[in-house]
Amino acid sequence: MGVGWRRRRTGRLEGRGACAVAPLQVAAMAGQEDPVQREIHQDWANREYIEVITSSIKKIADFLNSFDMSCRSRLATLNEKLTALERRIEYIEARVTKGETLT
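Small disclaimer: the values here were computed from a predicted structure and weren't measured. (Residues numbered from 1 in each chain as written. Predicted model: local features only at pLDDT ≥ 70, side-chain atom pairs only at ≥ 80, totals over all residues. Heavy atoms only, no water.)

Enquirer: I'd like a description of the overall build of the protein, backed by residues and values.
Expert: Counting its secondary structure elements, the protein contains 2 helices and 2 strands. In the protein, the succession of helices and strands from N to C terminus is β-β-α-α. Relative to its full complement of 103 residues, the protein shows a buried share of 9%. Looking at the protein alone, contacts between residues at least 24 apart form 19% of all its contacts between residues at least 6 apart. (Helix = DSSP H or I, 4+ residues; strand = E, 2+ residues; numbered from the N terminus. Buried < 20%, exposed > 50% of the residue type's maximum accessible area, 1.4 Å probe, protein only. Contact = heavy atoms within 4.5 Å.)

In structure tokens, the structure reads:
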């Protein structure tokens, strides 16, 4: 590409100055599709698709990590409650075995 030319996301060439007309646009206007321009458009479409998929995968991973932390926290709390109940049951069983009253 010459100095002053740049390719936009649309795949069109743009330039600065009086000679800013892109040869690809002239060919497209004449009813002829340029294979390079078609490839550029397809490449951008593929990149956008990959970006959407990547973003979706990141969102799923974030959700799964958050869900994992939430489950671990809840299971830890439940484990503490079960341990306390098991200790109380063992205590009560020991008192009953000794013949002590529970009051």
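Continuing now.
Enquirer: Could you give an account of helix α2 (residues 35-98), with specific residues and numbers?
Expert: Compared with the 94 Å implied by 1.5 Å per residue over 64 residues, the 93 Å span of α2 between its first and last C-alpha is a close match. Looking at the residues trailing α2, positive phi occurs at G99, about 90°. (Expected span 1.5 Å × (residues − 1).)

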